[in-house]
Amino acid sequence: MTAARTDIEQVQLANTAFYEALERGDFDEVSDLWMDSENAVDAVEGSGAGDGAEGTEDGDAAGDAVSCVHPGWPVLTGRGEVLRSYALIMANTEYIQFFLTDLKVGVAGDTALVTCTENILSGGPPPEGGGELGPLVGQLVVATNVFRRTPDGWKLWSHHASPVLAETDDEEGEETPT
């Protein structure tokens, strides 16, 4: 007999699945982890958001229900736009690995908030004529992932990632004026 997992454990598993799917370049799994139009209707109806929250003028129930901000990108809204961004990233990234630190999970009803630091190691395609992976680059990003409980489990509602600016040696010795 297995013990039922708590909401926090389920959200942690969904969050881990998201990053692992990105590492594998598994677009189908990344797509499955985001809310779809059916989940969006359930989330909006259950939110008590009131008039105007049901969708967009064109009748797309997903409408602006999902959003994503990649470091340096504008806000992407709507499932199609968000998933296109991941397809583009996966098509242009030969290798990516996430080491998550400072992970915190909070659950309030049917909404969960995950904050973490993404320690990212990535590499592009090999240089022309080369058979090996291009140079590896490290990046430090802070991220907030918002999940909603759906009949199909916890699904991503929003992802927001911002780069962490590294301190230079010159800045370390400077004091903040008072």
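Use the structure listed above.
Overview of the structure. (Residues numbered from 1 in each chain as written. Predicted model: local features only at pLDDT ≥ 70, side-chain atom pairs only at ≥ 80, totals over all residues. Heavy atoms only, no water.)

Concerning the pairing of strand β6 (residues 153-163)
With three bridges connecting them, strand β1 (residues 67-69) and β6 associate as parallel partners. Bridge assignment links Ser67 to a residue of β6, and that residue is Ser158. As paired elements, strand β5 (residues 136-150) and β6 share 10 bridges and run antiparallel to each other. Bridge pairing links Thr144 to His160 in β6. Taken together, β5 and the strand that follows it, β6, pair antiparallel across an intervening segment of two residues. (Pairing = 2+ DSSP bridges. Helix = DSSP H or I, 4+ residues; strand = E, 2+ residues; numbered from the N terminus.)

Here's the deal with the nonpolar core
Among the nonpolar cores identified, the biggest contains 30 residues, and Phe18, Leu22, Val30, Trp34, Tyr86 and Phe147 are the most heavily contacted of them. Elements represented by at least two residues in this core include exactly α1 (7-24), α2 (27-33), α4 (79-91), β3 (95-108), β4 (111-123), β5 and β6. Of the residues forming this core, the biggest block, seven residues, is contributed by α1. (Core = buried A, V, L, I, M, F, W, Y, C linked by side-chain atoms within 4.5 Å. Buried < 20%, exposed > 50% of the residue type's maximum accessible area, 1.4 Å probe, protein only.)

Quick notes on the pairing of β5
Across 13 bridges, β4 lies against β5 in antiparallel orientation. For Thr111, the partnering residue across the bridge sits in β5 and is Arg148.

Remarks on unusual backbone geometry
If you check the backbone angles, Asp102 has positive phi at about 55° while not being a glycine. By the element assignment, Asp102 lies in strand β3.

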